[in-house]
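# Coordinate inspection notes
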Amino acid sequence: MTQLWIAGQHVAGTGTSVTVINPATEEVVAAVGSAVLEQVDSAVRAARDAADGWRRTPAAERADLLHGIATWLREHSDALARQMSIEGGKPLIENSDEVGWSAACFDYYAELGRHERGRVLPPVEDGQLALVLKEPLGVVAAIVPWNYPLLLLAWKLAPALAAGNTVVAKPSPYTPLSTLMLAGAFAELSPGVVNLVTGGAEVGEALVVHPGTDLVAFTGSTAAGLRIGELCARQVKRTHLELGGKDAFIVCEDADLSVAAPGAAWAAYLNAGQVCTSAERFYVMDSVYDEFVERMVAEAAAVRLGDPLAAGTDMGPMIAEVQRAKVEGQLASARDGGARILVGGDRGGFERGWFLSPSVVVDATDDLPLMREETFGPVAPIVRVSSLDEAIARANALPYGLGANVYTNRTDYAYRCLDELKAGTVWINDPLTDNDAGPFGGMKASGNSRELGPEGLEAFRETKHVHWDTRAERKPWWYPYA
Ligand code: NAD
C-alpha cells in the first residue's frame, strides 16, 4: 500500500516520490508519492469536517470502534510485522511485539475514554452547578519517527481519538508502508476521523502551520521539536513534544552483575540502539567496573547480527546509511580522543545493508560527542565512578531527561536515584519496560508532555469551567455598592 488515506479514500500522493529502502539489503521496496500542500489541506479539512460528528459520538460507541482497531491490528499482526521489518530493519519478533503493544494501547484508551469527562465542584453559591468539562481540542496533527512506527502512532492516535479529536497523521519517510496499511483499521470510522499523509519535514511543517490543526503531537529529534515549538508558539498552538535522549545507566557496587550486564546490553543494543530510551552512558562504581566491562564485552560479542526476518536474529541493521555514518563518526572521534573500542563498532562482515556491530567503549571523556550528544546506535560507553553522588551528578549533567536506569538492591541507593535523577522514567533493576497505564515522556530538552496513562489522555483534552446559577438570581454584590 503506497497511497494516502484522506476522508476515507485512498489517494495517490502527487508530490515528491520517496523511495523506501530495505536497510538489510539496500533493495528498493516501494516508491511513495508524498502529499502536496493541497492534499495536506484536504486531509485537515476532512478532519475538521468529521470533528463534530466524532466528538458527539457516544463514548461507548467510540470505545467499540477503538476496540475494533485493536482487533484489526491483532488480525493483521503477521503482515504488519513483516512490513515493519522490511522497511525498518527491526527483528520480526520485536515488530510482532510492537503490533501487540499498539493493539493493547487502543484497548486501554477505548475504556479510559469513556470513564469520565471532567468533574463536578462544590459550588460557591447555593443553587450553583460548577462543572469542569474535558473537551476534545479539535484536529490533532500526529507526526512520528521510524523507530517504532506503529507504537508511537498508537500512543498519540488512541488517546486523541478517545478524547474525541480527529487526526491527521504523518509517518516518517523511512517507514510509511506499515502506517499506510492501517487505512484498513480505520475503514470502520467515519470518513475524515483519521487521515494519513506521507512525506518528509516539509509535509510535517505544512501540518504544523496549518490554521486548521489545533495541537501538534510530535515524536522525533530535539532539533525538529525545537523548530515545531517555535512555529506553534507563533499561533499559540499546543504542542506535545516527545524528543531525544541520552539515557544514563548506573550500576552500583552491590548489583548482581550476572543480571545487570545482560540487562545493560539489552538496554544499549535493543533495536540497534535506536530507541529513544536506549541506554547511552554507563556509570559503574569502581569496585565492579572491571568485571562489568568484561561481562559487557562478552554480551556484545554474543549478539547475533543479521537478517531481521530470520529466526534467531537479535539485531538487524540500522535504519539508514546516514544514521550509521553518524554513529561511526562518533566512534571515530572517540577513538581520536583517546577512547578504546573493546569490541564491535564494525560492519559485522556484511557487504550490503547498514549493519553496525554492537560495541563497548571505555576511557571516553565527557567532552566527546559520544558522551554528550544522542548516539541512536548500538554503542555502550562505560565510565568508572567513585560514588553514587558522582554517578547521579554525571547522569543529570546533560540537557536531556528522558529515562534513566539503575541496578542496585540497596534501598538507600534506589531511593536516592528515584528522588534525584532528572528523568521522566526511572527504571530500577528493570530496564526499558512500558506500561500503558503509566506516563511516558521526558524532562528538560527531552520533551514537554506525557504519553500513556491518564496523563496521555489529558494531553489531548481542553478544559472548560462552567458556572451555572440554576436559579438565575440577582446577586447582592452587583451595583449599586452599599
Ligand atoms: P526526526 O525529528 O528527523 O523526524 C521525526 C518525524 O518528524 C518524521 O516524520 C519527520 O518527517 C518529521 N519532521 C522532521 N522535521 C520536521 C519539521 N521541521 N516539521 C514537522 N515535521 C518534521 O526524527 P527521526 O530521525 O525520525 O527519529 C529519531 C529521533 O526521534 C531521535 O532523536 C529519538 O530520540 C526521537 N524519539 C523520541 C521518542 C520519545 O518518545 N521521546 C521516541 C522515539 C524517537
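Residues numbered from 1 in each chain as written. Predicted model: local features only at pLDDT ≥ 70, side-chain atom pairs only at ≥ 80, totals over all residues. Heavy atoms only, no water.

## Comments concerning the packing of aromatic side chains
We apply this condition: Only centres within 6.5 Å qualify two rings of Phe, Tyr or Trp (six-membered ring in Trp) as a pair; their planes then separate them into stacked at under 30 degrees, edge-to-face at over 60, and tilted for everything else. Note on criteria: charge over ring means Lys NZ or Arg CZ within 6 Å of the ring centre, with the direction from the centre no more than 35 degrees off the ring normal.
Here the structure, examined in full by the defined rule, presents nine aromatic pairs. Through pairs of rings, three or more aromatic residues link up here, namely Phe249, Phe282, Phe292 and Tyr407. We note Arg62 situated over the ring of Trp54; from NZ or CZ to the ring centre the distance is 5.8 Å.

## Observations regarding the UniProt feature "domain: Aldehyde dehydrogenase" (unreviewed entry) in the chain
Basically, it comes down to this: UniProt positions are given in the numbering used here, feature names are shortened, and annotations may be inferred rather than shown by experiment. A run of DSSP states H or I qualifies as a helix once it reaches four residues; a run of E qualifies as a strand once it reaches two. Both are numbered from the N-terminal end.
Mapped onto the present numbering, the UniProt feature "domain: Aldehyde dehydrogenase" (unreviewed entry) falls at residues 13–466. Counting secondary structure, residues 13–466 comes out at 42% helix and 20% strand; the distance between its end C-alpha atoms is 44 Å.

## Considerations on the sheet that holds strand 12 (residues 247–251)
As a reminder of what qualifies: At least two DSSP bridges between two strands are required for those strands to pair. Lines fitted to the C-alpha atoms define the axes, with helices restricted to the stretch that makes contact. Angles between their N-to-C directions range from 0 to 180 degrees.
The strand order across the open sheet built from seven strands is 14-15-16-13-12-18-19, with neighbouring strands paired in mixed fashion. Here the strands that pair on one side only, and so sit at the sheet edges, are strand 14 (340–343) and strand 19 (425–428). Between one strand axis and the next, the sheet turns by 25° as a mean value, whatever way the strands run. Here strand 13 (residues 279–285) runs beside strand 16 (residues 379–385); their pairing, made up of four bridges, is parallel. From the neighbouring strand, Tyr283 faces strand 16, where its bridge partner is Val383.

## Looking at the site of the ligand
Under the convention used in this document: Here a residue is considered near a molecule or strand provided that any single heavy atom belonging to it is located within 4 Å of it. In protein, a polar contact requires one atom able to donate a hydrogen and another able to accept it; more generally it is a pair of N or O atoms within 3.5 Å, and residues adjacent in sequence count only if both atoms are side-chain atoms. Methods summary: accessible areas were calculated by the Shrake-Rupley approach with a probe of 1.4 Å, and residue burial reflects only the protein chains presented. Buried and open spaces are told apart on a 1 Å grid over the protein atoms alone, a cavity being a set of points where a 1.4 Å probe fits but cannot get out and a pocket being an open set with protein on both sides within 12 Å along at least five of seven lines. Residues with an atom within 4 Å of a point are the lining residues. Whether a molecule lies in a cavity or pocket depends on its atoms, and more than half of them have to be within 2 Å of the grid points. Residue classes follow a fixed rule: Ala, Val, Leu, Ile, Met, Phe, Trp, Tyr, Cys and Pro count as nonpolar, while Asp, Glu, Lys and Arg count as charged, and any other residue, Gly among them, counts as polar. Residue ranges assigned to the domains are those given by an automatic or database domain assignment.
What surrounds the ligand is a group of 29 residues, the closest being Val144, Lys170, Ser221, Leu243 and Glu374. A distance of 2.8 Å separates an oxygen atom of the ligand from a polar atom in the backbone of Val144. A distance of 2.5 Å separates an oxygen atom of the ligand from a polar atom in the side chain of Glu374. Protein contact buries 89% of the 850 Å² of open area that the ligand shows by itself. More than half of the atoms of the ligand fall within 2 Å of the grid points belonging to the largest pocket. When its residues are assigned to classes, the shell around the ligand shows 16 nonpolar, eight polar and five charged. Mapped onto the domain boundaries, the shell around the ligand takes at least three residues apiece from domain 1 (4–243 + 447–467) and domain 2 (247–428).

## Section: the domain arrangement of the chain
Keep this limit in mind: Any two residues whose heavy atoms approach within 4.5 Å at even a single point are treated as in contact. When two parts are put together, the accessible area they lose, computed with a 1.4 Å probe and summed over both, is reported as buried area.
What the domain assignment reports for the chain is domain 1 (4–243 + 447–467) and domain 2 (247–428). Its C-alpha centre places domain 1 at a distance of 31 Å from the equivalent point of domain 2. If you look at the interface, domain 1 gives 24 residues, while domain 2 gives 25 residues. Roughly 2000 Å² is buried in total at the junction of domain 1 and domain 2, and carbon and sulfur atoms are behind 60% of that figure. Along the contact surface separating domain 1 from domain 2 lie six residue pairs in polar contact (both at pLDDT 80 or more). For the side of domain 1 that touches domain 2, the secondary structure elements donating two or more residues are helix 3 (77–88) and helix 4 (92–112). Per-element accounting of the side of domain 1 that touches domain 2 gives the leading share, five residues, to helix 3. Of the residues that constitute the side of domain 1 that touches domain 2, the class distribution is 10 nonpolar, eight polar and six charged.

## Brief notes about the pattern of salt bridges
Heads up, the condition is: Salt-bridge detection follows one rule: a side-chain nitrogen of Lys or Arg within 4 Å of a carboxyl oxygen of Asp or Glu. Classification of residues uses two cut-offs on accessible area relative to the type maximum, computed with a 1.4 Å probe and protein chains only: under 20% is buried, over 50% is exposed, and between them is partly exposed.
Evaluation of the coordinates by the stated rule reveals 31 salt bridges. Residue Asp366 is joined to Arg394 by a salt bridge in which the shortest nitrogen-to-oxygen separation is 3.1 Å. With a gap of 28 residues between them, Asp366 in the loop between strand 15 (359–362) and helix 13 (369–372) and Arg394 in helix 14 (residues 388–395) connect regions that are remote in the sequence. Overall, the relative accessible area of 34% leaves Asp366 in the partly exposed class. Note that Asp469 and Lys475 form a salt bridge whose closest N and O atoms lie 2.5 Å from each other. Assigned by exposure class, Asp469 and Lys475 land together as buried. The network of salt bridges with common partners includes Glu116, Lys134, Glu458 and Arg461.

## What about the packing of helix 10 (residues 257–269) against helix 11 (residues 286–302)?
Keep this limit in mind: For classification, angles of less than 35 degrees are called roughly parallel, those exceeding 145 degrees roughly antiparallel, those between 65 and 115 degrees roughly perpendicular, and all remaining angles oblique. Whether a crossing is left-handed or right-handed is set by the direction in which the near helix is turned from the far one by less than a right angle, anticlockwise for left-handed and clockwise for right-handed.
Two elements in contact, helix 10 and helix 11, have axes separated by 9 Å at closest approach and are oriented at 55°. Between helix 10 and helix 11, the angle falls in the class oblique. Seen from above, helix 10 lies across helix 11 with right-handed handedness. Together, Leu257, Ser258, Ala260, Ala261, Pro262, Ala264, Ala265 and Tyr269 of helix 10 and Val288, Glu291, Phe292, Arg295, Met296, Glu299 and Ala300 of helix 11 make up the contact between the two elements. Considered class by class, the residues forming the contact of helix 10 with helix 11 number 11 nonpolar, one polar and three charged.

## Considerations on the UniProt feature "active site" (unreviewed entry) in the chain
The sites that UniProt annotates as "active site" (unreviewed entry) are Glu242. In this structure, Glu242 sits in strand 11 (residues 238–242). Apart from the residues within four sequence positions on either side, Glu242 is in contact with Lys156, Phe218, Thr219, Gly220, Phe440, Gly441, Gly442, Ser446, Ser449, Arg450 and Glu451.

## Considering the nonpolar core
Filter applied, for reference: Among the buried residues, those of types Ala, Val, Leu, Ile, Met, Phe, Trp, Tyr and Cys that are joined through side-chain atoms within 4.5 Å form a nonpolar core.
Phe186, Ile250, Phe282, Phe292, Met296 and Ile382 are the most contacted members of the largest nonpolar core, which totals 123 residues. Both of domain 1 (4–243 + 447–467) and domain 2 (247–428) provide at least three residues apiece to this core. Dropping the residues within four chain positions of it, Phe186 is found in contact with Trp5, Ile69, Leu157, Val194 and Leu196.

## Description of the environment of Pro145
Its place among the elements puts Pro145 in the loop between strand 7 (139–143) and helix 5 (149–162). Excluding anything up to four places from it in sequence, Pro145 contacts Leu152, Ser172, Thr175 and Thr219.

## Examining the packing of helix 3 against helix 4
In the contact formed by helix 3 and helix 4, the axes pass within 8 Å of each other and the chain directions differ by 130°. Looking at the two axes, helix 3 sits oblique to helix 4. Crossing handedness for the pair helix 3 and helix 4: right-handed. Contacts between helix 3 and helix 4 pair Ser77, Leu80, Ala81, Arg82, Met84 and Ser85 from the former with Leu92, Asn95, Ser96, Glu98 and Val99 from the latter. Split into classes, the residues belonging to the contact of helix 3 with helix 4 amount to five nonpolar, four polar and two charged.

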